[in-house]
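Summary of the model geometry
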Amino acid sequence: MSKKVITREEWERKLNDVRIRKEDMNKLVMNFLVTEGYVDAAEKFQMESGAEPDIDLATVTDRMAVKKAVQCGNVEDAIEKVNDLNPEILDTNPQLFFHLQQQRLIELIRNGKVNEALQFAQEELAPRGEEDHSFLEELERTVALLAFEDVSNCPVGDLLDISQRLKTASEVNAAILTSQSLEKKIQSFQAC
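This is a predicted model, so every value here is computed, not measured. (Residues numbered from 1 in each chain as written. Predicted model: local features only at pLDDT ≥ 70, side-chain atom pairs only at ≥ 80, totals over all residues. Heavy atoms only, no water.)

1. Some details on the overall build of the protein
A count of helical and extended segments in the protein gives 10 helices and 0 strands. A compact globule built from 192 residues should have a C-alpha radius of gyration of about 16 Å, whereas the protein, at 22 Å, is more than 25% larger. Considered along the principal axes of its C-alpha atoms, the protein spans approximately 60 × 55 × 30 Å. Taking all 192 residues of the protein together, 34% fall into the buried category. Here the contacts in the protein between residues at least 6 apart in sequence split such that 52% fall between residues at least 24 apart. As displayed, the protein offers around 12700 Å² of accessible surface, 51% of which is attributable to carbon and sulfur atoms. Taking the average place of the 23 positive charges on the side chains of the protein and the average place of its 36 negative ones, the gap between the two points comes to 10 Å. (Helix = DSSP H or I, 4+ residues; strand = E, 2+ residues; numbered from the N terminus. Rg over C-alpha atoms; globule rule 2.2 N^0.38 Å. Buried < 20%, exposed > 50% of the residue type's maximum accessible area, 1.4 Å probe, protein only. Contact = heavy atoms within 4.5 Å. Areas by Shrake-Rupley, 256 points an atom, 1.4 Å probe, with all protein chains shown as cover. Lys, Arg positive; Asp, Glu negative; His and termini not counted. Charge placed at Lys NZ, Arg CZ, Asp CG, Glu CD.)

Right, dumping it as structure tokens:
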């Protein structure tokens, strides 16, 4: 079966026919500002447009501090901050907790703390790998970094890229946002 190909002009005509309500566009803009942590812009946009954020804007700064800690490689600090915000986030999301612990292992390896990395992997991550085989595969891949003197040329060297930190930070950010959004919905139901 072949796909229908449309011309650029047809595509632009179809796009011009699409009507997006201003309220929907405002919600989209507000969602972006909140998700990316632009508190001042979100507050100003809220005043100008009347668009309500899905979460309390006062919590955005705390969430951004967690995200920044992960992006800088301060995973222990990030875990502490997440637990300060809502300990249930990590308790109810074993995959997220594993990824944070994996990132902590990566940071130990990045800093040349081989013995500490091995001990941490054995004591903290190996038991989780036994519980969930997908965790075990990720753990094996991470520990493989220790087998190479020149990690820049090893097949798992991508774990040391900044993109790995960003991926983990994004996952934490999304989990906190989900938690905060649910909290706000529960509060609004209780107020009824």
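2. Section: the UniProt feature "domain: CTLH" (unreviewed entry) in the protein
Cross-referencing UniProt, the feature "domain: CTLH" (unreviewed entry) maps to residues 59–116 in the present numbering. Along residues 59–116 the backbone is 81% helical and 0% strand, and the end-to-end C-alpha distance reaches 34 Å. (UniProt positions renumbered as here; feature names shortened; annotations may be inferred.)

3. Considerations on helix 8 (residues 114–131)
Over its 18 residues, helix 8 runs 25 Å from end to end, which matches the ideal 26 Å to within 8%, given 1.5 Å per residue. The sharpest bend along helix 8 comes to roughly 45 degrees, located at Leu-125, with the proline Pro-127 sitting one to four residues further on. All buried positions along helix 8 are accounted for by Ala-117, Phe-120, Ala-121, Leu-125 and Gly-129. Buried positions along helix 8 lie against helix 7 (94–110) and helix 9 (133–143). (Expected span 1.5 Å × (residues − 1). Bend = angle between axes of the 7 residues up to and from the residue.)

4. Remarks on the pattern of salt bridges
For the coordinates displayed, the defined rule picks out 9 salt bridges. Here Lys-67 makes a salt bridge to Glu-36, at a shortest N to O gap of 3.9 Å. With Lys-67 in helix 4 (residues 60–71) and Glu-36 in helix 2 (residues 22–36), this residue pair connects regions lying 31 residues apart in the sequence. We classify Lys-67 as buried; its relative accessible area is 16%. A residue is classified by how much of its surface remains accessible, and Glu-36, at 33% relative accessible area, is partly exposed. Between Glu-107 and Arg-165 there is a salt bridge, with its nearest N and O atoms 2.7 Å apart. Of this pair, Glu-107 sits in helix 7 while Arg-165 sits in helix 10 (residues 162–191), and the two are 58 residues apart along the sequence. Comparing Glu-107 with Arg-165, the two get one shared label, buried. Among the charged side chains, a salt-bridge network with shared partners connects Arg-21, Glu-23 and Asp-24. (Salt bridge = Lys/Arg side-chain N within 4 Å of Asp/Glu carboxyl O.)

5. Some words on the environment of Asn-83
Among the secondary structure elements, Asn-83 is positioned in helix 5 (residues 75–85). With 19 residues separating them along the chain, Asn-83 and Gln-102 place their C-alpha atoms 17 Å apart.

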